[in-house]
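Working through the structure, step by step
In case you want the letters, here they are:
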Amino acid sequence: MIAGYVENSRENDAMKLFKKMVEFGVKPSPLTLASVLLGCSNLSTLILGKQIHQLVYKTPLYLDTTVGTSLLSMYCKCGVLDDAWKLFSEIPRKDLVIWNSMISGYAAYGSSGKALALFDKMRTEKIKPDWFTFVEVLLACNHVGLVDLGINYFASMEKDYGIKPKPQHYSCMVDLVGRAGKLDEATDLIKKMPFEPHPAIFGSLLGSSRIHKNIEIAEFAANKLLSLDPTNGVDSELYIS
């Protein structure tokens, strides 16, 4: 019931039901705590999340990987990265989801250096990244303009790990190289995509064209954007001027 509330964006009802559950003395399972903590993340209710952390700390559930991952994710999504890192350091058996959560937290809140350093440590410890790991790594590169490093990571996905790039990876790369003024490379990336680009990718290219005042590529991006989303009233010349 708690999970159902959270999955249907009724987090407040989930929190109320969880409180009743505790009042009745029913011990929560790891999956229950995971659902409640997800609800806390969605609502950014750090106070309740910390109360659940204190509750869990006194039980054997504290060593449960699912619970630990949910607590870590809650702290990351609430932007409390110091507490997230402390918890990350205490978790004895770190699976890929835990590594991804911590890297994602750092990338989302501008600590790109820490996100990339943690990614390097993850690979040193022989934890194989997945497609989501690379989305966060490319976002981290994007936030601080590490173009060459981002290009290397993008190339290594399929070459070293057999991970085929998804739209999210291409979106990060188009934005990364476009903002750096490599508009021809960004356009080539879009043309080489093995699937239909979504409007946001052309919107990103259009934005980069504005920054670097490239009318030709702006017109290309605007026309593509209009063909995919006719309700978007973009004008490439007005956008550049």
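As the structure is a prediction and not an experimental result, all values here were calculated from the model.

This part is about the overall build of the chain. For the chain, the count of helices and strands is 15 helices and zero strands. If one aligns the C-alpha atoms of the chain with their principal axes, the spans along those axes are about 65 × 45 × 30 Å. Long-range contacts, defined here as pairs at least 24 residues apart, represent 57% of the contacts in the chain between residues at least 6 apart. If you sum the accessible surface of the chain, you get close to 12800 Å²; carbon and sulfur atoms cover 54% of it.

Note that an α-helix has 3.6 residues per turn; residues three or four places apart therefore point the same way. The terminal C-alpha atoms of helix α7 (residues 96-108) lie 18 Å apart, and with 13 residues this matches the ideal 18 Å at 1.5 Å per residue to within 8%. For α7, the buried fraction is high: 10 of the 13 residues fall into the buried class. What α7 keeps buried is the set Ile98, Trp99, Asn100, Ser101, Met102, Ile103, Ser104, Gly105, Tyr106 and Ala107. In this structure, the buried residues of α7 make contact with α5 (65-77), α6 (81-90), α8 (112-124) and α9 (131-144). Backbone geometry just after α7 places glycine 110 at a positive phi near 80°.

With that settled, consider the UniProt feature "repeat: PPR" (unreviewed entry) in the chain. In this numbering, the UniProt entry assigns the feature "repeat: PPR" (unreviewed entry) to residues 1-28, 64-94 and 95-129. Each end of residues 1-28 is marked by a C-alpha atom, and these two atoms are 13 Å apart; helix forms 68% of the span and strand 0%. In this annotation, residues 95-129 is assigned 74% helix and 0% strand; the end-to-end C-alpha distance for the span is 11 Å.

To continue, consider the packing of aromatic side chains. In this structure the tally under the stated criterion is 10 aromatic pairs. Geometrically, the ring pair formed by phenylalanine 134 and tyrosine 161 is tilted, given 5.7 Å between the ring centres and 55° between the ring planes. On the criterion of sequence distance, the pair formed by phenylalanine 134 in helix α9 and tyrosine 161 in helix α10 (residues 147-161) is long-range, its members being 27 residues apart. You can call phenylalanine 134 buried: its relative accessible area is 0%. Their ring planes at 85° and their centres at 5.6 Å tell us that tyrosine 170 and phenylalanine 195 sit as a pair that is edge-to-face. Placement of the pair is tyrosine 170 in helix α11 (residues 167-179) and phenylalanine 195 in the loop between α12 (183-192) and α13 (199-212), with a sequence separation of 25 residues. Exposure remark for phenylalanine 195: the relative accessible area of 26% places this residue in the partly exposed category. Among the aromatic residues, ring-to-ring pairing joins Trp85, Phe88, Trp99 and Tyr106 into one connected group. If you follow lysine 191 out to its NZ or CZ, it ends over the ring of phenylalanine 220, 5.4 Å from the centre.

The next subject is the nonpolar core. Ranked by size, the top nonpolar core spans 68 residues in total, and within it Ile52, Leu72, Met102, Tyr153 and Leu205 carry the most contacts. Excluding residues that lie within four positions of it along the chain, isoleucine 52 makes contacts with Phe18, Leu33, Val36, Leu37 and Cys40.

Tallied over the entire structure, the rule returns four salt bridges. With a closest N to O distance of 3.8 Å, lysine 50 and aspartate 83 form a salt bridge. Note that lysine 50 is positioned in helix α4 (residues 46-57) and aspartate 83 in helix α6, a separation of 33 residues in sequence. Among the salt bridges present, the one from aspartate 120 reaches arginine 123, with a minimum N-O distance of 2.9 Å. You can see aspartate 120 and its partner arginine 123 sitting in helix α8, three residues apart, about one turn around the helix.

About the criteria used
Residues numbered from 1 in each chain as written. Predicted model: local features only at pLDDT ≥ 70, side-chain atom pairs only at ≥ 80, totals over all residues. Heavy atoms only, no water. Helix = DSSP H or I, 4+ residues; strand = E, 2+ residues; numbered from the N terminus. Contact = heavy atoms within 4.5 Å. Areas by Shrake-Rupley, 256 points an atom, 1.4 Å probe, with all protein chains shown as cover. Expected span 1.5 Å × (residues − 1). Buried < 20%, exposed > 50% of the residue type's maximum accessible area, 1.4 Å probe, protein only. UniProt positions renumbered as here; feature names shortened; annotations may be inferred. Phe/Tyr/Trp six-rings, centres within 6.5 Å; stacked < 30°, edge-to-face > 60°. Lys NZ or Arg CZ within 6 Å of the ring centre and 35° of its normal. Core = buried A, V, L, I, M, F, W, Y, C linked by side-chain atoms within 4.5 Å. Salt bridge = Lys/Arg side-chain N within 4 Å of Asp/Glu carboxyl O.

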